[in-house]
Amino acid sequence: MTVNIAGELIKLDVRFDDQNSVRDAEREVKLYIDSLKKKWPEISDRKLLAMALYQYAHWNLKLLEIQDQVLDITDNKCKQIDKAVTQQDD
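So, here's what we can say about the structure.

Procedures and definitions
- Residues numbered from 1 in each chain as written.
- Predicted model: local features only at pLDDT ≥ 70, side-chain atom pairs only at ≥ 80, totals over all residues.
- Heavy atoms only, no water.
- Core = buried A, V, L, I, M, F, W, Y, C linked by side-chain atoms within 4.5 Å.
- Buried < 20%, exposed > 50% of the residue type's maximum accessible area, 1.4 Å probe, protein only.
- Helix = DSSP H or I, 4+ residues; strand = E, 2+ residues; numbered from the N terminus.
- Contact = heavy atoms within 4.5 Å.
- Patch = residues over 30% accessible without salt bridge, like charges linked within 9 Å, V, L, I, M, F, W, Y side chains within 5 Å.
- Areas by Shrake-Rupley, 256 points an atom, 1.4 Å probe, with all protein chains shown as cover.
- Salt bridge = Lys/Arg side-chain N within 4 Å of Asp/Glu carboxyl O.

Some remarks on the nonpolar core
Logical step 1: If you look at the biggest cluster of nonpolar residues, it comprises 5 residues: Y32, I33, L36, L48 and A52.
Logical step 2: At the level of elements, α1 (19-39) and α2 (45-89) are the ones that each hand at least two residues to this core.
Logical step 3: Sorting elements by how many residues they give to this core places α1 first, with 3 residues.
Logical step 4: Setting aside residues no more than four positions away along its own chain, I33 makes contact with A6, L49 and A52.

The structure is reproduced here in structure tokens:
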């Protein structure tokens, strides 16, 4: 499968089941870069791509932090439930 990112055609090996999400990602990148171009038309495409890449990396790191927090909360709740169930059995 080939995606178009900022005019660059990129060949990807993608499972058939993942093709829709790849197209969705391609569309999201285009929308984001287009919004940056509209906001800053004087900035070069190369710099806009760098800005977009940074922003996506930052968002990804924030999502990973949130995921860790959710996993910690879930783990603590499971421990509380296990403790309550164990106490109830006694």
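Some details on the environment of Q80
Logical step 1: For Q80, the position within the fold is in helix α2.
Logical step 2: In the structure, Q80 is positioned 48 residues away from Y32 in sequence and 43 Å away in space, judged by C-alpha atoms.

As for a nonpolar patch on the surface
Logical step 1: A cluster of nonpolar residues, L63, I66 and V70, forms a patch on the protein surface that exposes about 280 Å² of accessible area.
Logical step 2: In this fold, V70 is placed in helix α2.

Points about unusual backbone geometry
Logical step 1: Residue A6 is not a glycine yet carries a positive backbone phi of 55°.
Logical step 2: You can see A6 is positioned in the loop between β1 (2-5) and β2 (8-11).

These results come straight from atomic positions and should not be treated as a statement about function.
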